[in-house]
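# A structural walkthrough
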Amino acid sequence: MKYISIVIFLLALIAVSYVNGRFIVEEDDLVVITQFGELTGKTYKVPGEYFKMPFIQKTHYFKKYNFQEIETHEIPTLDKKWLTIELEYIWKIEDPSVFYKNFNSNNLARKFIIHEAGEATRKVVTCHKANDNIFKVEKSYAHTLGYEIKEKAKKNILKAGLNLFSVQAKIIKQSDNP
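Predicted, not measured: the structure shown is a model, and the values here were computed from it.

### Thoughts on the overall build of the protein chain
Looking only at helices and strands, the protein chain has four helices and eight strands in total. Counting from the amino terminus, helix and strand elements in the protein chain follow one another as α-β-β-β-β-β-β-β-α-α-α-β. The C-alpha radius of gyration computed for the protein chain amounts to 24 Å, which surpasses the reference 16 Å derived for 178 residues by more than 25%, pointing to a less compact arrangement than a globule. When its C-alpha atoms are laid out on the principal axes, the protein chain stretches across 90 × 30 × 20 Å. Of the contacts formed within the protein chain by residues at least 6 apart in sequence, a portion of 67% connects residues at least 24 apart.

Put into structure tokens, the structure is as follows:
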């Protein structure tokens, strides 16, 4: 009888360890593993079933898909005209480990993207006059306002484990006063 209870206890322990140590990565998931709050260095991007050390390691799931943000900014140009610009940007998590270290939250990452894109927009707009070619709608994406903003913001955003795919800028209004 004593051996039966030990065997049952061991089987229960194995079953609980299996359930706690198993995790599934879906097609739209990115997963990082932490051990006692520190990253283990493993990132899982490929869908499938994986195992971790039960009770010691913890999984953190992030979505792989793209996020879209829309913001409006009023910014003066070099010749003191005010432009109201609507920015639409698409971003995603590029490096889940770096993302976890910097943000661990889509909301914080969203605020960071909005801040960086806003700063880049101010830098680009304030060094051009209102009638410069950069503000004209062209067929080519290169050398447009959206392209310039993306290139300015890209460096800091990549360092944070994010990727800014696209920036579309639309001038809504131009005026002499704010």
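### Describing the side chain of T77
Secondary-structure assignment places T77 in the loop between β6 (67-76) and β7 (82-93). A distance of 2.4 Å separates polar atoms of two side chains, one belonging to T77 and the other to D79.

### Comments concerning the sheet that holds β7
The antiparallel open sheet is built from three strands, whose spatial order is β6-β7-β8. Each edge of the open sheet carries a strand with a single partner, namely β6 and β8 (162-175). When strand polarity is set aside, the average angle formed by the axes of neighbouring strands in this sheet is 20°. Here β6 runs beside β7; their pairing, made up of ten bridges, is antiparallel. If you follow E74 over to β7, its bridge partner there is T84. Sitting on the sheet, helix α3 (residues 106-126) is in contact with β6, β7 and β8, with an inclination near 140° to β7. Along the sheet face, helix α4 (residues 145-159) touches β7 and β8 and points at about 140° away from the line of β8.

### Structural notes on the sheet that holds strand β2 (residues 29-35)
With respect to topology, three strands assemble into an open sheet ordered β3-β2-β5, the strand pairing being antiparallel. Edge positions in the open sheet fall to β3 (38-44) and β5 (57-63), since each of these has one partner strand only. Here the strands of the sheet are splayed against their neighbours by 25° on average, with no regard to which way each runs. Where β2 meets β5, seven bridges bridge the pair, whose relative direction is antiparallel. Each residue of the ladder has a partner; that of Q35, found in β5, is Q57.

### Quick look at α4
Think of an α-helix as turning once every 3.6 residues; residues three or four places apart then point the same way. With 15 residues, α4 ought to run about 21 Å at 1.5 Å a step, and its terminal C-alpha atoms sit 23 Å apart, in line with that. Along α4, the helix axis deviates most sharply at A153, where the bend reaches about 45°. Those residues of α4 not exposed but buried are L145, G146, I149, K150, A153 and I157. Backbone geometry just downstream of α4 places G161 in the positive-phi region, at approximately 85°.

### Notes on the pattern of salt bridges
Overall, the coordinates contain seven salt bridges when judged by the stated rule. Notably, a salt bridge pairs R22 with E49, separated by 2.3 Å at the nearest N-O pair. On the criterion of sequence distance, the pair formed by R22 in strand β1 (residues 22-25) and E49 in strand β4 (residues 48-51) is long-range, its members being 27 residues apart. Taking the relative accessible area as the measure of exposure, R22 reaches 34% and is therefore partly exposed. You can call E49 partly exposed: its relative accessible area is 41%. In this structure, K63 engages D29 in a salt bridge whose closest nitrogen and oxygen atoms are separated by 3.1 Å. Separated by 34 residues along the polypeptide, K63 in strand β5 and D29 in strand β2 bring together distant segments of the chain. On the basis of relative accessibility, which here comes to 6%, the residue D29 falls in the buried class. Each member of the salt-bridge network shares a partner with another, and the members are D28, D29 and K63.

Basis of the calculations
Residues numbered from 1 in each chain as written. Predicted model: local features only at pLDDT ≥ 70, side-chain atom pairs only at ≥ 80, totals over all residues. Heavy atoms only, no water. Helix = DSSP H or I, 4+ residues; strand = E, 2+ residues; numbered from the N terminus. Rg over C-alpha atoms; globule rule 2.2 N^0.38 Å. Contact = heavy atoms within 4.5 Å. Polar contact = N/O pair within 3.5 Å; in protein donor to acceptor, adjacent residues only side chain to side chain. Pairing = 2+ DSSP bridges. Axes fitted to C-alpha atoms, helices over the stretch in contact; angles between N-to-C directions. Expected span 1.5 Å × (residues − 1). Bend = angle between axes of the 7 residues up to and from the residue. Buried < 20%, exposed > 50% of the residue type's maximum accessible area, 1.4 Å probe, protein only. Salt bridge = Lys/Arg side-chain N within 4 Å of Asp/Glu carboxyl O.

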